[in-house]
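Each chain is listed here by its residues.
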Amino acid sequence: MMPGMPAANGGAIVPFSGEPHHAASVPHVRPIRHGVAPPIFRVYVSWSSGNLLQVACLRQPSPEDGGGSGSEEVAGRVVEVNLGVGNGSAEVEKEVDEAEMRRIEYGSVPAFALLQSRKNALAGTAAMSHMQAVPEHAEWWQYVLEYSKTIGYLLGNPDSLPAPMIEDARAILKVKEKPTSLKAAWELLEIFYVDKQLHSWLPERLVDWLADYDSLLTKTDGTVYCKLSNFQKKLINLQIVENDPDYWNGLSAALSVGWLDVVVNMLRFHGSYQLDQMDNRETENGLVEAVAVLVSTMPRMRPDLPTGKLGQCCKTRPDFIKAWEKWRGQVSKLECSAFWIQCGHQKTRDGLKNLLHIMMGNIKDVTAATSHWLELFTSHVLYIRPFTVGFEGMHHLAQKCIQLKPSFDNNGLTGLLTGILSENPEVVLAECTKKFGPWMVTHAMELLAADNDYADIMLHEERPNFGGMSIEELHRLVYAQVLCSHSLTWQIAPTYLSSCLNQGLGLLEILLLKQPIQDNRLVLKTLELCRLYELENVSTNIMKIAGIFHWKHGRKGTGVYWFQQAHDKVRLDRIAQQLFERIGESVAADNFKQWEGLLELLGSDIGSAGGLEFLHRYRDFKRSLQQALEGRTAEAARQTVEFLIQLMRNPSTPQRFWLPLLHDSVMLLNCKPRPLLNVAETTLLLNKLQEVSMAKLRPDYCSNQLTSHALNSVRLALASNLACAILEEP
Amino acid sequence: MADRQVAQLGPGAACCGWNHCGRRLAAGAVDGSVSVYDSQPSPSSKWQAHECAIVNVVWLPPEYGDAIACVCADGTLSLWEEVAEDDQLPTWRKCKVFEGGNSHILNVQFGLLLSSLKMVTAYSDGQVKVYELLDSLELDKWQLQAEFQNITDPVSRNGKPECVSASIAWSPRRGEGQQASFVIGFNSDSPHFNSCKIWEFEEAHQRWLPLIELGSSEDKGDRVHAVAWAPNIGRPYEIIAVATCKGIYIWHAGFNPEADRGLSTENVAVLPGHDGEVWQLEWDMGGMTLASTGGDGMVKLWQANLNGVWHEQAVLDCNGSRD
């Protein structure tokens, strides 16, 4: 979904116009296929992550419904709708499948993050030095170019296919990786917005671009590419190519857009080159070859020529102008030559002359040779106004070409180019949004603002109507929502959210809190993200949620672990209290092992609340007692008795534990030949015992299953111990 | 295909609610049973919660476990939580039942504030009760914190209104130092009770106060069918959507710390809503898109453009055929 953006069928967004969005435009209606028989009684919705909307459609329930058996009809269905896809707005969905798009999404994260960190570093430096960061700014576009190249490579490498083993001499168009309009659009933006070095040879760059992506310009109207590939198919069955008008049409089309290598290659198919023809058609062949030479020596203003490309490379403008004048002279000279009269083959004569006229910049011939307005535009730039610099007059020229060759196929690429040529970043942004989707917009904004102050302001200005967000931030949030809508991509959304100064972190918090906590690996991943973006309060919350989930689902230990991680004192105290109460209820029962582990987990640092301190001492006593009874060593026995005395002396030991504690110790007291307690200690314990006996009479006494038999056995044990102790004492 | 079927509801299903992450769904049925679905077509649990029809199912915040509140047609409210012992399969346990008394409980919503859980219940006689959970581990101990009527002016209290339904939404803000607040509106025969008001808990005097009324003088008493408070990821103002019989109203509410208890509201849009009553309003996680459902069987999505103008962005038609 795209807040602030027009509906899929709406016009371009021009946020400065002040004109409200035309509500009159009918919104996109999408039928939901749920399979529930109409009429629908109620519809419930719920947003889950990102653009995912759960829609529950219910039928009218009848009172006799329910109870399992009953009507065969489905009472209701829940459908998850991804509002970010399938609304037909993004051209990319058609040509880039989901897995490929995911590869691009993942691949672009490092480049984006690097660029953001460089931006932040530059801003930091500028702020520190309290001055304009002019020298840094001058280099900024180079950083963006590096970023652009990385992303461009990710979108597909046209040269990645291996060269065919046997070069087919009659192949007109080289087999390449299928171009995508996503990559084509990206390159357009790079050419016009980022690469400063390119500006002097923009026309040539456009020729190169067209060579790669001409096939994408339109699906319904014709293109040069289309003409050539049709001719290629026909070529196998052609005996004499020069008699076929499509041969000459193909030649003029290829020449008009500057595909010199294609032209020269095709000229060599001419029948006059065949050995048996040489004698009779010498002049004709000479003319064909002369044209081929002129084509292959056409001056081109560019830093270099890749292998396989023809033309003479001119690095500087004066060189180019000089070479161009000279070359044009040669073309004119050939055109006026007397040899034409000796050329007996009419079609060859006309065809070659046509090629010369194109090279001489004849508007009529150029217009006839091209199919699409962008091709016409390119040939204008190449042959009619070869000395154009930068954007000079380009928009006007484009308008003229569109008038001459109107296209009804409203293609994203041409729309984008019109926006670029009219120097209107809003239109470019709107085209990107409409045709290429949120990934493209989010990443392309960096290109737009690389060296364009107007675009920079347009993208970064805070909009009060949107809660103070900038357009850049809005698009990043929208893209992040798309990423959130899939379980395989939500993890990369934080990179984009954290790059939004105003509202990104707010959305990130919500995103992280919305992650289910049932899966422990997912919890760890979420917590890692919290740590990375310093969202301590969020991680605390997640730990609390995980804690209660495990606690309630019978995994007490894991629950306590998470509560501790979250420093959830309230709940830990509550657990300690529960534990304490439970142990108090049946202290003699042998559930020692069970609570011992929990007590261990709770630790001792959560304060004395809930008698946890007592429980720790009690645990020590119990352990020691066990050792003493098993090992029967005098030392262990003495240790146990010491714990007992400590516990009984400690005011924090609740009275209801006194008797159980003493009762636990009876066996130990009885089994030793020598008294374990001295007179004073025994007296203390007897006093406590007396207190317990007295307390029994009080109404608020809470009994804990220990019978009077227990009381008696303790009394007896203590009495005999006292007797021994008195005898022993000096 | 972008649409994915996630669950098939059993016979008698009458209402449903999703948990915080949208992965679990609880559906209440006319026979009083509740089914819980976990990303599987068939339910993971099903039990008899009430004797008669369940009219609303609401999940508690996840900080209190996997728990739901069921509003029953007989006017009672029950709380259920999922528990398990060791490696046993989880089961749903009844924690608490709230009786309606002389009136019916119409709706319930839970709010999370610092470390306490609050529950607002609305009654058919126009009463509003706020409960607070006393024990952070158990859902059975609740304390009635406040009881009031949804009116700003005590003079307007005349007789008991007959309320058909009530709409409640808590403020989703949950940061430190946030005051507890919620918005509530009724669908009743009394205009004073109907109008949506934002109530805020005043710590100093430990009481709930009506902060402001969302409504212009002529629309104030309109019956309210749904409210939704948008998540705020950084806006300086809050956005609240209110659906009445006249349409969907989008309100901006700005908490102004300088003015004394100052809160300014502005109605920024009146959207046509649905052909028929609006059933539900629901904001997306960024608070930028509002989804509404209504009597025409449509789901409509609303957004503001960069000029702040609200418009209908897309429509999902649920009246479809069986294919």
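Residues numbered from 1 in each chain as written. Chains lettered and ligands numbered in written order. Predicted model: local features only at pLDDT ≥ 70, side-chain atom pairs only at ≥ 80, totals over all residues. Heavy atoms only, no water.

1. Quick word on the overall build of chain B
Tallying secondary structure elements over chain B gives one helix and 25 strands in all. Rg of the C-alpha trace for chain B: 20 Å, near the compact-globule value of 20 Å for 323 residues, within the 12% margin. The burial tally for chain B puts 65% of its 323 residues in the buried class. Partitioning the intrachain contacts of chain B with sequence separation of at least 6 by distance along the chain shows that 41% fall at a separation of at least 24. A distance of 2 Å separates the average location of the 23 positive side-chain charges in chain B from that of its 42 negative side-chain charges. (Helix = DSSP H or I, 4+ residues; strand = E, 2+ residues; numbered from the N terminus. Rg over C-alpha atoms; globule rule 2.2 N^0.38 Å. Buried < 20%, exposed > 50% of the residue type's maximum accessible area, 1.4 Å probe, protein only. Contact = heavy atoms within 4.5 Å. Lys, Arg positive; Asp, Glu negative; His and termini not counted. Charge placed at Lys NZ, Arg CZ, Asp CG, Glu CD.)

2. Regarding the packing of helix α17 (residues 425–448) of chain A against helix α19 (residues 471–484) of chain A
All names here are of chain A. Contact geometry for α17 and α19: axes closest at 9 Å, N-to-C directions at 100 degrees. Of the possible angle classes, the one that applies to α17 and α19 is roughly perpendicular. Contacts between α17 and α19 pair Leu429, Thr433, Pro438, Trp439, Val441, Thr442, His443, Met445 and Glu446 from the former with Ile471, Glu472, His475, Arg476, Val478, Tyr479 and Val482 from the latter. (Axes fitted to C-alpha atoms, helices over the stretch in contact; angles between N-to-C directions. Parallel < 35°, antiparallel > 145°, perpendicular 65-115°, else oblique.)

3. So, the packing of helix α22 (residues 520–532) of chain A against helix α23 (residues 536–552) of chain A
All names here are of chain A. Where α22 meets α23, the closest approach of the two axes is 9 Å, and the angle between their N-to-C directions is 165 degrees. In terms of orientation, α22 lies roughly antiparallel with respect to α23. The element α22 and its partner α23 pack so that their crossing is left-handed. Contact residues: α22 offers Asn520, Val523, Thr526, Leu527 and Cys530, while α23 offers Val538, Ser539, Ile542, Met543 and His550. Taken together, the residues of the contact of α22 with α23 break down into six nonpolar, four polar and no charged. (Left-handed = near helix turned anticlockwise from the far one by under 90°. Nonpolar A, V, L, I, M, F, W, Y, C, P; charged D, E, K, R; others polar.)

4. Side note on unusual backbone geometry
Peptide bonds are mostly trans, and most non-glycine residues show a negative phi. Between Pro38(A) and Pro39(A) the backbone carries a cis peptide bond, its omega angle lying at 0 degrees. Mapped onto the secondary structure, Pro39(A) falls in the loop between β1 (28–31) and β2 (40–47). At Ser39(B), a position not held by glycine, the phi torsion is positive, near 50 degrees. Overall, Ser39(B) belongs to the exposed group, its relative accessible area being 55%. One non-glycine residue, Gln206(B), adopts positive backbone phi at about 50 degrees. When you line up the elements, Gln206(B) lands in the loop between β16 (196–202) and β17 (207–214).

5. What to know about the sheet that holds strand β6 (residues 54–59) of chain B
Residues and elements named next belong to chain B. The strand order across the open sheet formed by four strands is β6-β7-β8-β9, and the pairing between neighbours is antiparallel. Lying at the two open borders of the sheet, with one neighbouring strand each, are β6 and β9 (91–98). On average, each strand axis in the sheet is inclined to that of its neighbour by 25 degrees, with strand direction left out of account. Pairing of strand β7 (residues 67–72) with strand β8 (residues 77–83), which is carried by five bridges, proceeds in the antiparallel orientation. What sits directly across from alanine 67, in β8, is glutamate 81. (Pairing = 2+ DSSP bridges.)

6. Some remarks on the pattern of salt bridges
All names here are of chain A. Under the definition given, this model contains 42 salt bridges over all chains. Among the salt bridges present, the one from glutamate 335 reaches lysine 353, with a minimum N-O distance of 3.8 Å. On the criterion of sequence distance, the pair formed by glutamate 335 in helix α10 (residues 317–335) and lysine 353 in helix α12 (residues 346–359) is long-range, its members being 18 residues apart. Looking at lysine 353, the relative accessible area reads 24%, which means it is partly exposed. Glutamate 461 is the partner of arginine 463 in a salt bridge, and the nearest nitrogen-oxygen pair spans 3.5 Å. (Salt bridge = Lys/Arg side-chain N within 4 Å of Asp/Glu carboxyl O.)

7. Structural notes on the packing of aromatic side chains
The final tally for this structure, using the stated rule, is 27 aromatic pairs over all chains. Here the aromatic rings of Trp170(B) and Trp208(B) are separated by 6.0 Å at their centres, their planes lie at 75 degrees, and the arrangement is edge-to-face. In this pair, Trp170(B) sits in strand β14 (residues 163–170) while Trp208(B) sits in strand β17, placing the two residues 38 residues apart along the sequence. Its relative accessible area of 10% is what places Trp170(B) among the buried residues. Classification of Trp208(B) by relative accessible area gives buried; the value is 7%. Among the aromatic side chains, those forming a connected cluster through ring pairs are Phe320(A), Trp324(A), Trp327(A) and Phe387(A). The residue whose ring lies beneath Arg571(A) is Tyr64(B), and the NZ or CZ to ring-centre distance is 5.0 Å. When the ring centre of Tyr123(B) is taken as origin, the NZ or CZ atom of Lys129(B), which lies over that ring, is 4.6 Å away. (Phe/Tyr/Trp six-rings, centres within 6.5 Å; stacked < 30°, edge-to-face > 60°. Lys NZ or Arg CZ within 6 Å of the ring centre and 35° of its normal.)

8. Structural notes on the interface of chain B and chain A
A common measure of how large an interface is: the accessible area buried when the components associate. In this complex, chain B contributes 84 residues to the contact, which on the side of chain A involves 97 residues. Buried surface at the junction of chain B and chain A, both sides included, amounts to about 8,200 Å², of which 59% is carbon and sulfur. When residues of chain B are sorted by the area they lose upon contact with chain A, Leu137(B), Met285(B) and Leu306(B) head the list and together hold 11% of the total. At the surface where chain B touches chain A, the tally comes to five salt bridges. Between Asp3(B) and Arg30(A) there is a salt bridge, with its nearest N and O atoms 3.1 Å apart. (Buried area = accessible area lost by both parts, 1.4 Å probe.)

9. Quick word on the nonpolar core
Residues and elements named next belong to chain A. Counting 157 residues, the largest nonpolar core has Leu189, Phe192, Trp209, Leu267, Met359, Phe377 and Trp439 as its most contacted members. In contact with tryptophan 209, other than residues within four places in its own chain, are Ala184, Glu187, Leu188, Ile191, Leu217, Leu374 and Leu413. If you look at the next biggest cluster of nonpolar residues, it comprises 45 residues, including Ile548, Ala576, Val641 and Ile645. (Core = buried A, V, L, I, M, F, W, Y, C linked by side-chain atoms within 4.5 Å.)

10. Focus on the pairing of strand β19 (residues 238–244) of chain B
Residues and elements named next belong to chain B. Counting buried residues in β19 gives seven out of seven residues, a clear majority hidden from the surface. Burial along β19 is two-sided: the face carrying Glu238, Ile240, Val242 and Thr244 and the face carrying Ile239, Ala241 and Ala243 are both buried. Where strand β18 (residues 224–229) meets β19, five bridges bridge the pair, whose relative direction is antiparallel. Each residue of the ladder has a partner; that of alanine 226, found in β19, is alanine 243.

11. What to know about the domain arrangement of chain B
Residue and element names in this part refer to chain B. When its domains are assigned, chain B resolves into domain 1 (1–99) and domain 2 (107–317). Domain 1 and domain 2 are separated by 24 Å when their C-alpha centres are compared. Contacts between domain 1 and domain 2 engage 18 residues on the former and 19 residues on the latter. A combined buried area of about 1,500 Å² lies between domain 1 and domain 2, and 70% of that area is made up of carbon and sulfur atoms. Notably, a salt bridge pairs arginine 93 with glutamate 138, separated by 3.6 Å at the nearest N-O pair. Between the two partners, domain 1 and domain 2, sit one residue pair in polar contact (both at pLDDT 80 or more). Mapped onto the side of domain 1 that touches domain 2, the elements with two or more residues apiece are β6, β7, β8 and β9. (Domains from an automatic or database assignment. Polar contact = N/O pair within 3.5 Å; in protein donor to acceptor, adjacent residues only side chain to side chain.)

12. What to know about the UniProt feature "repeat: WD" (unreviewed entry) in chain B
What UniProt calls "repeat: WD" (unreviewed entry) maps, in this numbering, to residues 271–303 of chain B. Here residues 271–303 of chain B is 0% helix and 58% strand, with 11 Å between the C-alpha atoms at its ends. (UniProt positions renumbered as here; feature names shortened; annotations may be inferred.)

13. Quick notes on helix α8 (residues 260–267) of chain A
In terms of burial, α8(A) is largely enclosed, as six of its eight residues are buried. Buried residues along α8(A) sit against α6 (224–235), α7 (245–256), α9 (282–296), β5 (299–301), α12 and α14 (373–384) of chain A.

14. Section: the sheet that holds β14(B)
Residues and elements named next belong to chain B. Spatial strand order, β14-β15-β16-β17: four strands in an open sheet with antiparallel pairing. At either end of the open sheet lies a strand with only one pairing partner, and these are β14 and β17. Averaged over all pairs of adjacent strands, the angle between strand axes in this sheet comes to 25 degrees, irrespective of strand direction. Bridge count for strand β15 (residues 181–188) against β16 is four bridges, and the pairing is antiparallel. Residue valine 183 lies in a different strand from β16, and its bridge partner there is isoleucine 198.

15. Structural notes on the side chain of Glu473(A)
All names here are of chain A. Positionally, glutamate 473 belongs in helix α19. Buried glutamate 473, no salt bridge; nearest opposite-charge side chain is arginine 476, N-O distance 7.5 Å. There is a polar contact of 3.1 Å between the side chain of glutamate 473 and the backbone nitrogen of asparagine 502. Leave out the neighbours within four places in its chain, and glutamate 473 touches Cys500, Leu501, Asn502, Gln503 and Gly504.

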